[in-house]
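Listed here are the chains, written in short residue letters.
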Amino acid sequence: MVNIAVLGYGTVGSGVVEVLRTNQESIDNKAGEHINLKYVLDLREFPGDYIENVLVHDYDVILKDEDVKVVVEVMGGVNPAYSFVKSALLAGKSVCTSNKELVAKHGAELLAIAAEHKANFFFEASVGGGIPIIRPLNQSLTADEILEISGILNGTTNFILTKMDKEGVSYEEVLKEAQKLGYAERNPEADVEGYDACRKIAILSSLACGKQVDYEDIYTEGITKLTDLDFMYAKEMGLTIKLIGSAKKTGNRFSAMVSPKLISNEHPLAGVNGVMNAIFVKGNVLGDVMFYGAGAGKLPTASAVVSDVVDAVRHLGENVETKWSQEKLELIPHDEVCSNFFVRIKGSLDRLPEIEEKFGTVDTISITEGEFGFITGMMSEKAYADAAASTEGIISMIRYEK
């Protein structure tokens, strides 16, 4: 028998308990041991709940219990999660977490501590909920050099953009619906401004290159400025708009970004709709692979956490190596990253000579009076910004990935 403790009895924590109870026999068979839930840590009381008899309010009870071999951290946030997880690893207990903020900020350090103390720090559920991506990157794709990881990494924003695309409704209308359905928080900033996706692509980038990628260094742009007219232009061009987090290797350097992008309807990510997530990986030998599934939600995320628990039980007393050093990776400066840009601008096509003088040869599209759109050739972010700064009447810009 292996004793475990769950830190936090919110949405994911209660899901972990539910998954364990529902599939206890098959989980035990896969782990090769009976997994016993000895403690649940939470500040609240849960009278009448299944966990009432194992509920504790003091983390030290768990930390000092040598019989607890695996700690599940599903509290969220960095504090006190970081101090709890670090102390558990220092005590030789393995930790499984769904906490993307914690992993993005302290993942490399916690992995090093785990290795030093013959324990494990597993975080499959921190990116993509129930989609298996961390383990494949760490174990299955090791023969490949990863050239690109791109993904739809946030279900809330994907739901909003899908509704705007398919039904032609405004951002504000869909956000209200998403909040009513429980897909968006009352304060949706972390989702709609791209911060959630940024932390996830930071984790994936770190694993792909084996060094620390700080999420503060990743250029991040959300979806709040997109309009129904942007989607009308996209439809006319046979494209769609998705919020994409991406990391790409150019030579020996990496760039990373989160932003809305126009992509072809043939692109693997174009058909990922609603609250679903997908992660696209390009290897130099394997080519293209995509991981698709429920990127969030109580049970999908909990399922990924429990899978990590099983892995931790299988490897008690031995460390499963993950290549992610604390050495910081310097990303290609955002100004140097190159893209195609779709730009909406006031006026008529009579302005084309002026536009091409500043932006180079462009393709144009017009669907409504008083403005038109154009797509630039490949140019750096700085070159675009300089050209845009000297051009009057620009309404909006979306990057275009051919």
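This structure is a prediction, so every number in the text was calculated from the model and none was measured.

Engineer: So what exactly am I meant to see when it comes to the nonpolar core here?
Structural biologist: Taken as a class, soluble globular proteins show a tendency for nonpolar side chains to be buried jointly. Residues Ile62, Phe121, Ile160 and Leu204 are the most contacted members of the largest nonpolar core, which totals 80 residues. With eight residues, helix 5 (residues 100–116) is the largest single contributor of residues to this core. If near-sequence neighbours (up to four positions away) are discounted, leucine 204 is found in contact with Val127, Ile133, Ile134, Leu137, Ile149, Leu153 and Ile279. Among the nonpolar cores identified, the runner-up in size contains 33 residues, and Ile27, Ala31, Val40 and Val306 belong to it.

Engineer: Honestly, the packing of helix 7 (residues 155–167) against helix 11 (residues 228–236) in this entry has me stumped. Any pointers?
Structural biologist: In a pair of packed helices, the angle between the axes and the distance between the axes together describe the arrangement. Contact geometry for helix 7 and helix 11: axes closest at 9 Å, N-to-C directions at 65 degrees. Every pair of crossing elements has a handedness; the one defined by helix 7 and helix 11 is right-handed. For the pair helix 7 and helix 11, contact is made by Leu161, Met164, Asp165 and Lys166 and by Asp228, Phe231 and Lys235, respectively. Considering only residue class, the contact of helix 7 with helix 11 consists of three nonpolar, no polar and four charged.

Engineer: How do you make sense of the side chain of threonine 97 when you look at a structure like this?
Structural biologist: Tracing the sequence through the fold places threonine 97 in strand 5 (residues 94–97). A polar atom in the side chain of threonine 97 sits 2.6 Å from the side chain of glutamate 73. Polar contacts involving the side chain of threonine 97 include one to the main-chain amide nitrogen of asparagine 99, which spans 3.0 Å. Those residues in contact with threonine 97 that sit more than four places away from it in its chain are Glu73, Leu102, Val103, Phe121, Phe122, Phe123, Glu124, Ala125 and Ser126.

Engineer: Can you help me understand the packing of aromatic side chains in this one?
Structural biologist: In this description, a pair of aromatic rings is defined by centroid distance and the angle of the planes. Taken as a whole, this structure holds nine aromatic pairs when the rule is applied. Summarising the aromatic geometry, the rings of phenylalanine 123 and tryptophan 324 are spaced 5.9 Å apart at their centres and angled 75 degrees between planes, so their arrangement reads as edge-to-face. You can see phenylalanine 123 sitting in the loop between strand 6 (121–122) and helix 6 (134–140) and its partner tryptophan 324 sitting in the loop between helix 12 (298–314) and strand 13 (338–346), a full 201 residues away along the chain. A relative accessible area of 3% means that phenylalanine 123 is categorised as buried. Exposure remark for tryptophan 324: the relative accessible area of 5% places this residue in the buried category. Through a chain of ring-to-ring contacts, the aromatic side chains of Phe341, Phe359, Phe374 and Tyr384 assemble into a single cluster. Between arginine 199 and the ring centre of tyrosine 215, over which it is positioned, the NZ or CZ distance is 4.1 Å.

Engineer: What should I look at first to understand a nonpolar patch on the surface in this one?
Structural biologist: There is a patch of nonpolar side chains on the surface, built from Leu181, Tyr183 and Val275 and spanning about 250 Å² of accessible area. Turning to its location among the elements, tyrosine 183 is positioned in the loop between helix 8 (171–181) and helix 9 (189–192). In this structure tyrosine 183 comes out as partly exposed when scored by relative accessible area, which is 37%.

Engineer: What's the story with the sheet that holds strand 5 in this structure? I'm lost.
Structural biologist: In any sheet, the strands associate via hydrogen bonds between backbone groups, in a parallel or an antiparallel arrangement. Across the sheet, six strands lie side by side as 3-2-1-4-5-6; this open sheet has parallel pairing. Looking along the sheet, the strands with just one partner apiece sit at the ends: strand 3 (55–56) and strand 6. Bridging between strand 5 and strand 6 involves two bridges; their strand directions are parallel. In the sheet register, cysteine 96 faces strand 6, and the bridge partner there is phenylalanine 122. On the sheet, helix 12 packs against strand 1 (2–7), strand 2 (35–41), strand 4 (68–73), strand 5 and strand 6 and is oriented at approximately 165 degrees with respect to strand 5.

Engineer: What should I look at first to understand the pairing of strand 12 (residues 287–294) in this one?
Structural biologist: Regular strands have side chains that alternate between both faces of the sheet. The pairing of strand 11 (residues 276–283) with strand 12 spans eight bridges and is antiparallel. By the bridge assignment for strand 12, phenylalanine 280 is matched with methionine 290. Once strand 11 ends, the chain turns through three residues before running back antiparallel as strand 12.

Engineer: Any chance you could explain the environment of serine 14 here in plain terms?
Structural biologist: Examined against the element boundaries, serine 14 turns out to sit in helix 1 (residues 11–22). Look at serine 14 and you get buried, because its relative accessible area is 17%. Distance in space between the C-alpha atoms of serine 14 and alanine 302 is 8.4 Å, their sequence separation being 288 residues. If we ignore the near neighbours within four places in the chain, the residues touching serine 14 are Tyr9 and Lys298. Within the structure, serine 14 has its side chain in polar contact with the side chain of lysine 298 (distance 3.4 Å).

Engineer: Is there a simple way to explain the pairing of strand 11 in this structure?
Structural biologist: Most of strand 11 is tucked away, with six of its eight residues classed as buried. As defined by bridge partners, strand 7 (residues 146–152) adjoins strand 11 across six bridges and the pair is classed as antiparallel. In the sheet register, glycine 151 faces strand 11, and the bridge partner there is isoleucine 279.

Engineer: Any chance you could explain the UniProt feature "binding site: NADPH" (unreviewed entry) in the chain here in plain terms?
Structural biologist: The UniProt feature table records "binding site: NADPH" (unreviewed entry) at Lys100. Looking at the secondary structure, you find lysine 100 in helix 5. The exposure class assigned to lysine 100 is partly exposed, which follows from its relative accessible area of 24%. Not counting chain neighbours up to four residues away, the residues in contact with lysine 100 comprise Ser126, Asp196, Arg199, Lys200 and Ile203.

The rules behind the values
Residues numbered from 1 in each chain as written. Predicted model: local features only at pLDDT ≥ 70, side-chain atom pairs only at ≥ 80, totals over all residues. Heavy atoms only, no water. Core = buried A, V, L, I, M, F, W, Y, C linked by side-chain atoms within 4.5 Å. Buried < 20%, exposed > 50% of the residue type's maximum accessible area, 1.4 Å probe, protein only. Helix = DSSP H or I, 4+ residues; strand = E, 2+ residues; numbered from the N terminus. Contact = heavy atoms within 4.5 Å. Axes fitted to C-alpha atoms, helices over the stretch in contact; angles between N-to-C directions. Left-handed = near helix turned anticlockwise from the far one by under 90°. Nonpolar A, V, L, I, M, F, W, Y, C, P; charged D, E, K, R; others polar. Polar contact = N/O pair within 3.5 Å; in protein donor to acceptor, adjacent residues only side chain to side chain. Phe/Tyr/Trp six-rings, centres within 6.5 Å; stacked < 30°, edge-to-face > 60°. Lys NZ or Arg CZ within 6 Å of the ring centre and 35° of its normal. Patch = residues over 30% accessible without salt bridge, like charges linked within 9 Å, V, L, I, M, F, W, Y side chains within 5 Å. Areas by Shrake-Rupley, 256 points an atom, 1.4 Å probe, with all protein chains shown as cover. Salt bridge = Lys/Arg side-chain N within 4 Å of Asp/Glu carboxyl O. Pairing = 2+ DSSP bridges. UniProt positions renumbered as here; feature names shortened; annotations may be inferred.

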